[in-house]
Amino acid sequence: EAGVAQSPRYKIIEKRQSVAFWCNPISGHATLYWYQQILGQGPKLLIQFQNNGVVDDSQLPKDRFSAERLKGVDSTLKIQPAKLEDSAVYLCASSLAPGRPQDTQYFGPGTRLTVL
Amino acid sequence: GENVEQHPSTLSVQEGDSAVIKCTYSDSASNYFPWYKQELGKGPQLIIDIRSNVGEKKDQRIAVTLNKTAKHFSLHITETQPEDSAVYFCAPNTSGTYKYIFGTGTRLKVLA
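Below: a short report on this structure. All figures in this text were calculated on a predicted structure; none of them were measured in a lab.

**A short note on the interface of chain B and chain A**
Note on interface size: it is often stated as the accessible area lost on association of the parts. Of the residues lining the interface, 20 residues belong to chain B; the matching set on chain A comes to 24 residues. Between chain B and chain A, the buried area comes to about 1,600 Å², and carbon and sulfur atoms account for 52% of it. Viewed at the interface, chain A and chain B are joined by one salt bridge. The partner of Lys99 of chain B in a salt bridge is Asp56 of chain A, and the shortest N-O contact between them spans 3.1 Å. Applying the counting rule to chain B against chain A returns five residue pairs in polar contact (both at pLDDT 80 or more). Elements with a minimum of two residues in the side of chain B that touches chain A: strand 4 (32–38) and strand 5 (45–51) of chain B. The element contributing the most residues to the side of chain B that touches chain A is strand 4 of chain B, with three residues. Here the residues of the side of chain B that touches chain A are counted per class, giving eight nonpolar, nine polar and three charged.

What follows is the structure, encoded as C-alpha cells:
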C-alpha cells in the first residue's frame, strides 16, 4: 500500500513570496490533515478536511494560509505572502475513518520550508 | 487549552537497556493516547496507542501504561536497539475528538 505522498520535499523562498505544497493521501482515506512542525516542536494541526469539506481550520492563519482539497483526494496548502516564522516542516496526514479519535493518522515525509 | 508535556526531553541509554518516556496532559476528557516515532527526515509514525478504558497495552518490546486519574501515560521500550533512536511524541486527543495535541518530543539515543 502506497503511503502519503508530498511534494516538494524541500523549498527555499524569500519572505513575501508565495509557495504551495501538494499532498496525495492514501487511497480511500476520507480525512486529510495539514500540520506545521517548527524545529524542536511537535506537529500542530492547521486544517482538517473530511472528503472535500473543511472540518476544522481554527488554527490556520487565514490571512496568509489557504488550503483546498479538490474532489476529495489531493490537497494543496498555500502560503501567500510568506514570513520568516513560517519556516517549518509541513506535514500531511490522512486517515480512513471520519475523524474518530482512535483512527490512525498516517503521515507523509513532509515539506521542509525555509523562508529567508 | 490543552497542555501536554513530555519528560525527559532527551534520553540516552545503552543498547539493551530500557527507556521510559512520560507524557502529562491536562484535558480530563481525553480518551485516546497514542505514541508516535519520528525519524530524521520522515513524518511521525504511530507505534502504539491506548484507549481510556485500558490501563496497559504491550506490543513486543514496547508498552504503554495509562493513569487517567493522574492524567499521564508512559511509553516503555525494553531491550533497546540502535534503530530505536528517534524523537518520540505523545499526542493525546482533546475533548474526546479527533484533534491530537502533540507533546514537545523526547529525543532518544540508543548507544551501541
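So that's the structure; there's more coming.
**Let's talk about unusual backbone geometry**
With omega at -10°, the peptide bond leading from Ser7 of chain A into Pro8 of chain A counts as cis. Notably, Lys71 of chain B is not glycine yet its phi reads approximately 60°, a positive angle. You can see Lys71 of chain B is positioned in the loop between strand 7 (62–67) and strand 8 (72–77). In this structure Lys71 of chain B comes out as partly exposed when scored by relative accessible area, which is 26%. Notably, Glu79 of chain B is not glycine yet its phi reads approximately 45°, a positive angle. Residue position: Glu79 of chain B is located in the loop between strand 8 and strand 9 (86–90).

**Re the state of the cysteines**
According to the stated counting rule, one finds two disulfides over all chains in the structure shown. Each sulfur of the disulfide joining Cys23 of chain A and Cys92 of chain A lies 1.9 Å from the other. Sign of the S-S torsion, about -70° for the bond between Cys23 of chain A and Cys92 of chain A, identifies this disulfide as left-handed. In this pair, Cys23 of chain A is assigned in strand 3 (residues 19–24) and Cys92 of chain A in strand 9 (residues 88–95), connecting sequence segments 69 residues apart. In terms of burial, Cys23 of chain A and Cys92 of chain A fall into one category: buried. Shown here is the disulfide that connects Cys23 of chain B with Cys90 of chain B, its sulfur atoms set 2.1 Å apart. The sign of the S-S torsion, about 65°, decides the handedness of the disulfide formed by Cys23 of chain B and Cys90 of chain B: right-handed. Here the residue Cys23 of chain B occupies a position in strand 3 (residues 19–25), and Cys90 of chain B occupies one in strand 9, the gap between them amounting to 67 residues. Residue class for Cys23 of chain B comes out buried when judged on its relative accessible area of 0%. Residue Cys90 of chain B is classed as buried on the basis of its relative accessible area of 0%.

Procedures and definitions
- Residues numbered from 1 in each chain as written.
- Chains lettered and ligands numbered in written order.
- Predicted model: local features only at pLDDT ≥ 70, side-chain atom pairs only at ≥ 80, totals over all residues.
- Heavy atoms only, no water.
- Contact = heavy atoms within 4.5 Å.
- Buried area = accessible area lost by both parts, 1.4 Å probe.
- Salt bridge = Lys/Arg side-chain N within 4 Å of Asp/Glu carboxyl O.
- Polar contact = N/O pair within 3.5 Å; in protein donor to acceptor, adjacent residues only side chain to side chain.
- Helix = DSSP H or I, 4+ residues; strand = E, 2+ residues; numbered from the N terminus.
- Nonpolar A, V, L, I, M, F, W, Y, C, P; charged D, E, K, R; others polar.
- Buried < 20%, exposed > 50% of the residue type's maximum accessible area, 1.4 Å probe, protein only.
- Disulfide = S-S within 2.5 Å.

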